[in-house]
Amino acid sequence: MVAPITELRGLVRDTVLDDATLFALLTGFYDDAPKDVVSPYVTFGPSDFNPFDPTCITAGDHSLQIDVWSKNKPRKQCEDICHAIKKLVHLQTLNLTVHALGKITASSRVIRDPDGITNHGIISIQALIEER
């Protein structure tokens, strides 16, 4: 049995990788980026789960963070990548294989990391998933 958040993570990764225009902007999409990776690249951040269990189904609100990393480049590069990922996910009709995906939303923000040269995009994805 696959956990709902694991299936959601795979769906998001596949959605990004399937968009050739977006993926051409990136050097990779990683769970844990290698030490020598060149930017811009994307990693998975933390995930959260809050149960939502009406009497007839088992479901929950799942949150997944995607981080965009862009070093020594204008903030625009990071903002454009975040926007492209958000558009691929936010309120789109996407399907999971095992579980049922309800509404999915995404929001983003871009901050400058303390090193002064890295733009850090943070995409927050929220999805209601019914477990099967």
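Definitions and limits used
Residues numbered from 1 in each chain as written. Predicted model: local features only at pLDDT ≥ 70, side-chain atom pairs only at ≥ 80, totals over all residues. Heavy atoms only, no water. Helix = DSSP H or I, 4+ residues; strand = E, 2+ residues; numbered from the N terminus. Buried < 20%, exposed > 50% of the residue type's maximum accessible area, 1.4 Å probe, protein only. Contact = heavy atoms within 4.5 Å. Polar contact = N/O pair within 3.5 Å; in protein donor to acceptor, adjacent residues only side chain to side chain. Pairing = 2+ DSSP bridges. Salt bridge = Lys/Arg side-chain N within 4 Å of Asp/Glu carboxyl O. Core = buried A, V, L, I, M, F, W, Y, C linked by side-chain atoms within 4.5 Å. Axes fitted to C-alpha atoms, helices over the stretch in contact; angles between N-to-C directions. Phe/Tyr/Trp six-rings, centres within 6.5 Å; stacked < 30°, edge-to-face > 60°. Lys NZ or Arg CZ within 6 Å of the ring centre and 35° of its normal.

Looking at the element boundaries, His99 is found in the loop between helix H3 (75-89) and strand E4 (100-112). Note on His99: relative accessible area 3%, which makes it buried. Sequence spacing of His99 and Leu8 is 91 residues, and the spatial spacing of their C-alpha atoms is 9.2 Å. With residues near it in sequence (within four places) discarded, His99 still touches Met1, Val2, Ala3, Pro4, Glu7, Ile129, Glu130, Glu131 and Arg132. Within the structure, the side chain of His99 is placed 2.7 Å from the backbone oxygen of Val2, a separation counted as a polar contact.

Here the focus is the pairing of strand E2 (residues 41-52). Sheet topology places strand E1 (residues 29-30) next to E2; 2 bridges connect them, and they run parallel. Its bridge partner lying in E2, Phe29 is registered against Val42. Relative to strand E3 (residues 59-71), E2 runs antiparallel, the two sharing 10 bridges. Within the sheet, the bridge partner assigned to Phe52 lies in E3 and is Ala59.

According to the stated counting rule, one finds 3 salt bridges in the structure shown. Of the charged contacts, one joins Asp80 and Lys76 as a salt bridge, the two residues approaching to 2.4 Å between their closest N and O atoms. Residue Asp80 and its partner Lys76 are located together in helix H3, separated by 4 residues, close to a single helical turn.

As a further point, take the nonpolar core. If you look at the biggest cluster of nonpolar residues, it comprises 29 residues, and the most contacted ones within it are Ile66, Ile85 and Ile125. Elements supplying a minimum of two residues to this core: helix H1 (4-18), E2, E3, H3, E4 and strand E5 (118-130). Here this core takes 6 residues from H3, the largest share from any one element. Setting aside its immediate chain neighbours within four residues, Ile66 contacts Val12, Phe29, Val42, Thr43, Phe44, Gly45, Ile85, Gly121, Ile122, Ile123 and Ile125.

This part takes up the sheet that holds E3. Two orientations exist for strands paired in a sheet by backbone hydrogen bonds: parallel and antiparallel. Ordered by their spatial adjacency, 5 strands build an open sheet running E1-E2-E3-E5-E4, and the pairing between neighbours is mixed. Looking at which strands have only one partner, the edges of the open sheet turn out to be E1 and E4. Running at roughly 40° to E3, H1 makes contact with E1, E2, E3, E4 and E5 of the sheet. Lying on the sheet, H3 is in contact with E2, E3, E4 and E5; it crosses E4 at an angle near 175°.

Let us now look at the packing of aromatic side chains. The relation between two aromatic rings is expressed through the spacing of the ring centres and the mutual angle of the planes. Applying the stated criterion to the full structure yields 2 aromatic pairs. When the ring of Phe29 is compared with that of Phe44, the centres are 4.8 Å apart and the planes differ by 45°; the resulting orientation is tilted. Of this pair, Phe29 sits in strand E1 while Phe44 sits in strand E2, placing them 15 residues apart in sequence. One exposure class covers both Phe29 and Phe44, and it is buried. Each ring, one from Tyr30 and one from Tyr41, has its centre 6.2 Å from the other, and the planes form 70°; the classification is edge-to-face. Of the two residues, Tyr30 is situated in strand E1 and Tyr41 in strand E2; the sequence distance between them amounts to 11 residues. Between Arg9 and the ring centre of Phe44, over which it is positioned, the NZ or CZ distance is 5.5 Å.

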